[in-house]
Every structure is written in structure tokens, then in C-alpha cells.
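# Breakdown of the fold
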Amino acid sequence: MTRAAGDPERGSGPVAAARPEAPSLTRRGLLGTAPAAALALAACGGEPAAGGGGAAQPPPVQIAFFFPNWGQPAIYEAKEQRKIDAFQQQTAGVRVRAAPVPENYGPQLTSLFAAGTPPETFFADHQVVFAYTKQGFLDDLQPTAQKDRGFKKEDLHPTALDGLTVGGRLLGLTGWAFTNLYYYNADLFKQAGLPTPYELWQQDRWTWDAYQDAALKLHKREGARTVQAGTTLGLARLWMNAAGAQEFDNPKTPTRCLYDSEPAMEALQFRYDLQAKHRVHDPDFYKETGLNETTAFINGKSATMSRWTTGLADFKAITAFTWGMAPYPKKKGYASDYTHWAYGRAKGLADERTRDAAWQWLKFFTGAEGQKLEAQDMVGIPFTRAAQEVFARSVRQLPALEHPEAMGEILNKYPNSRLIAVDTPEIGRILNEELTPFWNGERGARAAGTAATQRVNEYLRTNPQSVS
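Worth saying up front: this structure is predicted, and the values here are computed from it rather than measured. (Residues numbered from 1 in each chain as written. Predicted model: local features only at pLDDT ≥ 70, side-chain atom pairs only at ≥ 80, totals over all residues. Heavy atoms only, no water.)

### Brief notes about the overall build of the protein chain
For clarity, the cut-off: Each helix corresponds to a stretch of at least 4 residues labelled H or I by DSSP, and each strand to a stretch of at least 2 residues labelled E; elements are numbered beginning at the N terminus. Relative accessibility decides the category of a residue: with a 1.4 Å probe and only protein chains considered, values under 20% of the type maximum give buried, values over 50% give exposed, and everything between is partly exposed. Only heavy atoms matter for contacts: two residues are in contact if any of them lie within 4.5 Å across the pair.
Counting its regular elements, the protein chain contains 20 helices and 14 strands. Across the 468 residues in the protein chain, those meeting the buried criterion constitute 56%. Here the contacts in the protein chain between residues at least 6 apart in sequence split such that 77% fall between residues at least 24 apart.

Structure, rendered in C-alpha cells:
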């Protein structure tokens, strides 16, 4: 199942921080890729102009749309093609060519820019917008947006707008977001005589103690063998948010790491204890059953599960029990992730017709009509009211889901942004290196949090996170 791309989860062992992959810049490597070959065709004109009498019409502007298919072309290529087809029906002067990428998205995009043949429009994950900007990939859309009276930046989610702008520059567009929260099996809670997480949240009683108590009661063993998981560990940064802590003083341009704060270390210890002390998360359970966290939940073998709201269509398979969603339980406040996928125009496009065509495509793709099409696939939660209505109808395909409106409410109430700085990969690597001994039980939370903070702060002093 897909997840939000590029989150450096800090788990019980080494986890590679997600990042734009190291580039492969050879011309041979560039031309050897299927997406790059498709772009080369587009650059050569792609289709001959139609003949005929009368006044000569300029040929359609050819632009490429470069995007990952996450290894699931039947889902992601099909949904993007629906948007392309809808755009073509109303825009005769622009031809959009899909350029899906099955793997190594970052290196392929970097190679195209290095060769001077970038795609006119392309996907950029939330975490890499500023890195791509500093590399010279993303054009500033603000001048174009100001001239377009039909475009309103205010229609973007406030957190999305903040994550796409710096120094007055608009670096991309987006029309939907998703969040990481806790899924729960309502039947397991009710069978144990426990209120569901949603019910507790509505009563403002969904706390760390309530969550831990439920996980302990709902984790089932036969001898030493786990047969029903009480919970999954969730994201360390969201437990920090729930404790009232932040990872950094600013997720876009950090100058200080905050892992040495008391709330941060309390959150790290709480997450660690779920597995090491309370044993309500058992890695061996997944190895022995051949299930992953999502499939275990779908099969009724997990009481709660931390997960993004992407790919909800997979949960059509749940028919045997009722399930729902709630935010991360609170210590100081409730928490959830905020993530969006961004879409940008290549910097350096000299032809004004091409620049305008790229803008028109991006505006459609992420705008009212594109959002409604996206909503049918239940991948992201759209921004406009009309698209949200389509999303609500689509979610009804999940008959066992109770309170489907909760996911949008949680996203809007508790939107915590992950680190999206220029050097997020290296910062994530340092954090991972310092926290891994803690997750492995070789170092205490205070020592790990202090060491991580000191190393990251030294890195930030010598590597200011300016986008320009």
C-alpha cells in the first residue's frame, strides 16, 4: 500500500531518511529511461500539425508532465490520465504528455535538468520543494499567478500555501492533502467494553493513558506468540507534537533542533516503552504472519494502527468489522500530520507560450475540476467544497468506515508539518544516527535527545537553510 512519500520515520532500528536520490547525470543513463525517451519525443514536436485550408493555426504547445507511479501504474497512471483527458477536452492549444516514472524518480528528474531537457511540469513531494528550488528546478509562479484573475492563492489550504511559498515566491501548486492519524477497529474496542478512540476524542478524553490502556487490553497472545496486535508505534515526531513539542524552531528554515526539550524526550520515551516495556507492538508478529501493518489491520488482527489517509480504496476489503479514525492521543494536545504533493513548472523555460501552457495545466490539475477527479480516487483530501462533496460520496464505498468526516476535521484542526528544509535528508540522517541507539535500548532518551540536538544544531550553524 502506498504511503505519503518521503517521511523519515524514526523507528526501532536504522531507517534511511527519505530524500531526492543521488543523481545519475550521464547522457547514456538519461536516454536509457522510458520517461526520458517520452520527453525527448515531446521535445521534437511529438505530433505533426493537422493540415487543411484556411488561416494557419499555430500547432498545439507540447508539454510533459513528469510524475511517479509509485509502482502501481493501474492506479496512479490511470488517475493522472483522467485529468489529462479532461484538460484536453477544454484546452485545444495545449497537448499534455504523461511521463510516469516507476522508480528512481529523483535521479531521473535531476538527469533531465542536467541535460537541459527538463519536463515542463513535474511532481515535487512536500519535503523536496525547497531543495528542488535551491537546485534551480522550480520556477516562481507568483508573477504568473498575479496576472491570472481566475486564480486565488487563498483557495489553497493555509498550511499548503505556507509550505509552497518563501520570500514572496510561489514554488508550486497543490489541491489536496493527507494526514497521518490512528485507525481503530471499533468492534475490538466494543467487545472489550471500551469506548472507541473517536468517542473518547469527541469527549476530549482520548489521552496517552487511554490509548496505552486500550493497547494493553487489546494486545492478545497465545503463550509468547502475539495473535492480535494492540497498536503500531506511530511517528516519533507526532508523539512529540502531542506532548507539546516541536522538532525544530521552523520546519522551512530551521536554526535550532528541539529534541532536547523535556516534552520531546517524554514523547520519545513513551513511544519506546510501547514496544520495549509494554510489548503492545511486536515486530515478530508481522514476520511470523507475513502481514504488514496495513494488511494486519484489514484482516482484523490489529486494534489500532498509525497510517496516512492515502490509498483508502484498499480498505474496501474490510467488511467484517467497523473501523474509524482519530488523531494521535493527547498529552498536551491532539496531533496529526499534514502532507501535500506539490506540482511545479520547470525554471528556465524561455518560450512564453510554453510557460503559459504549463501554468494552465497546473492550474487545472490542482484546481476545482482536477480536485473533483482526484477525489474519486480517495488518495488526497481536496480543498474545494465541491471536490469535498465528491470525496464524501467516494468514501461511501467504504461501508464499514464510521465517521468518515473525521479525517478532514483532524487534518484541519491539527496540521503539523514535517521538516521541509533544503537539507532535510542530511538532517534526517543525523537524527537517525543519534536516535538509533536509543530505539535499540543502548542509550537513554535524555542522552539521545541531547546528542541529536547538539549535532543537528552544529550542522545548522555551518549549513544555513536558506532557499536562495
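### Focus: unusual backbone geometry
Note: most residues except glycine have negative phi, and most peptide bonds are trans. Even without glycine at this site, N104 takes up a positive phi of about 55°. Here N104 is to be found in the loop between strand 2 (94-101) and helix 4 (105-114). Judged by relative accessible area, which is 44%, N104 ranks as partly exposed. One non-glycine residue, R279, lies in the positive phi region at around 55°.

### Side note on the pairing of strand 12 (residues 336-345)
The side chains of a regular strand alternate between both faces of the sheet. Here is the rule: Only strands joined by at least two bridges in the DSSP assignment are considered to pair.
Taken across its 10 residues, strand 12 has 10 buried, putting it largely inside the fold. Of the two faces of strand 12, the one holding S336, Y338, H340, A342 and G344 and the one holding D337, T339, W341, Y343 and R345 are both buried throughout. Note that strand 3 (residues 121-125) and strand 12 share five bridges and pair antiparallel. What sits directly across from A124, in strand 12, is A342. Where strand 6 (residues 176-178) meets strand 12, two bridges bridge the pair, whose relative direction is antiparallel. When the sheet's bridge partners are listed, A177 is paired in strand 12 with H340. As judged from the three bridges shared by strand 12 and strand 14 (residues 415-417), these two strands associate in the parallel manner. Bridge pairing in strand 14 links D337 to N416.

### Some remarks on empty space enclosed by the protein
For clarity, the threshold we go by: With a 1 Å grid laid over protein atoms only, a set of points is called a cavity when a 1.4 Å probe fits there but cannot get out and a pocket when it is open yet has protein on both sides within 12 Å along at least five of seven lines; lining residues have an atom within 4 Å of a point. Grid points are joined across faces, edges and corners, and a volume is the space filled by probe spheres set on the points. Amino acids outside the nonpolar list (Ala, Val, Leu, Ile, Met, Phe, Trp, Tyr, Cys, Pro) and the charged list (Asp, Glu, Lys, Arg) are all regarded as polar, and Gly is one of them.
In total, this model carries three cavities of 30 Å³ or more according to the counting rule given. Estimated volume of the largest cavity: approximately 50 Å³. As for the largest cavity, its lining consists of F67, P68, W70, Y76, K79, E80, F123, W341 and Y343. Counting only elements with at least two residues in the lining of the largest cavity, the list comes to strand 1 (61-68), helix 3 (73-90) and strand 12. Here the lining of the largest cavity gets three residues from one element, more than from any other, and that element is helix 3. Broken down by class, the residue content of the lining of the largest cavity amounts to seven nonpolar, no polar and two charged. Volume-wise, the second largest cavity comes out at about 40 Å³. Around the second largest cavity sit H126, T159, D162, G163, P251, K252, S417 and I420, which together line it. Here the residues of the lining of the second largest cavity are counted per class, giving two nonpolar, four polar and two charged.

### Examining the packing of aromatic side chains
The following threshold applies: Each pair of aromatic rings taken from Phe, Tyr and Trp, with Trp reduced to its six-membered ring, is defined by centres within 6.5 Å and is described as stacked if the planes are under 30 degrees apart, edge-to-face if over 60, and tilted in the remaining cases. Either the NZ atom of lysine or the CZ atom of arginine qualifies as a charge over a ring when it sits within 6 Å of the ring centre and within 35 degrees of the ring normal.
Enumeration according to the criterion identifies 48 aromatic pairs in this entry. Note on Y272 and F438: the rings are 5.0 Å apart at their centroids and 35° apart in plane angle, and the pair reads as tilted. Of this pair, Y272 sits in helix 12 (residues 262-276) while F438 sits in helix 19 (residues 424-439), and the two are 166 residues apart along the sequence. One residue, R271, lies across the ring of W439, its end atom 4.6 Å from the ring centre.

### Section: the sheet that holds strand 7 (residues 180-185)
Put simply, the rule is: Lines are fitted to the C-alpha atoms to define the axes, a helix being fitted only along its stretch in contact, and any angle between axes, read from their N-to-C directions, falls within 0 to 180 degrees.
The strand order 10-7-11 describes an open sheet built from three strands, whose pairing is antiparallel. Both edges of this open sheet fall to strand 10 (304-308) and strand 11 (323-326), since each of them pairs with a single strand only. Sheet twist, expressed as the average angle between the axes of neighbouring strands with direction ignored, equals 35°. In this sheet, strand 10 lies alongside strand 7 in antiparallel orientation, the contact comprising five bridges. Paired with N180 across the bridge in strand 10 is W308.

### Details of helix 12
In an α-helix there are 3.6 residues to a turn, and that puts residues three or four apart on one side. How we decide: For a helix, the expected span equals 1.5 Å multiplied by the residue count minus one.
Counted at 1.5 Å a residue, the expected span for helix 12 with its 15 residues is 21 Å, and the 21 Å between its end C-alpha atoms agrees. Within helix 12 the residues assigned to the buried category are A264, M265, A267, L268, F270, R271, D273 and L274. The elements touched by buried residues of helix 12 are helix 10 (208-218), helix 11 (236-242), helix 19 and helix 20 (445-462).

### A few points about the pattern of salt bridges
Once their charged atoms are close, side chains differing in charge can pair, the charge on each being opposite to the other. Definition in use: A pairing counts as a salt bridge when a side-chain nitrogen of Lys or Arg comes within 4 Å of a carboxyl oxygen of Asp or Glu.
Tallied over the full model, the rule gives 26 salt bridges. The residue K79 makes a salt bridge to E374 at a minimum N-O spacing of 2.9 Å. Here E374 lies in helix 16 (residues 368-376) and K79 lies in helix 3, a separation of 295 residues in the sequence. Each member of the pair, K79 together with E374, is buried. Between R455 and E434 there is a salt bridge, and its shortest N-O distance comes to 2.9 Å. Separated by 21 residues along the polypeptide, R455 in helix 20 and E434 in helix 19 bring together distant segments of the chain. Assessed through its relative accessible area of 30%, R455 is described here as partly exposed.

### A look at the pairing of strand 10
Counting buried residues in strand 10 gives five out of five residues, a clear majority hidden from the surface. Residue alternation in strand 10 divides its side chains into two sets, T304, S306 and W308 and M305 and R307, and both sets are buried.

### Digging into helix 15 (residues 352-366)
Which entries qualify depends on this criterion: Here a polar contact means two N or O atoms within 3.5 Å. Within protein one must be a hydrogen donor candidate and the other an acceptor candidate, and residues neighboring in sequence count only if both atoms are side-chain atoms.
In this model helix 15 runs 21 Å from its N-terminal to its C-terminal C-alpha over 15 residues, within 8% of the 21 Å that 1.5 Å per residue would give. Residues T354, R355, A357, A358, W359, W361, L362, F364, F365 and T366 constitute the buried set of helix 15. The opening residue of helix 15 is D351, an N-cap whose side-chain oxygen sits 3.2 Å from the backbone nitrogen of R353.

### Some details on the environment of Y105
Among the secondary structure elements, Y105 is positioned in helix 4. Accessibility expressed as a relative area gives 9% for Y105, which makes it buried. Residues Y105 and F123 lie 18 residues apart in sequence; the distance between their C-alpha atoms is 9.5 Å.

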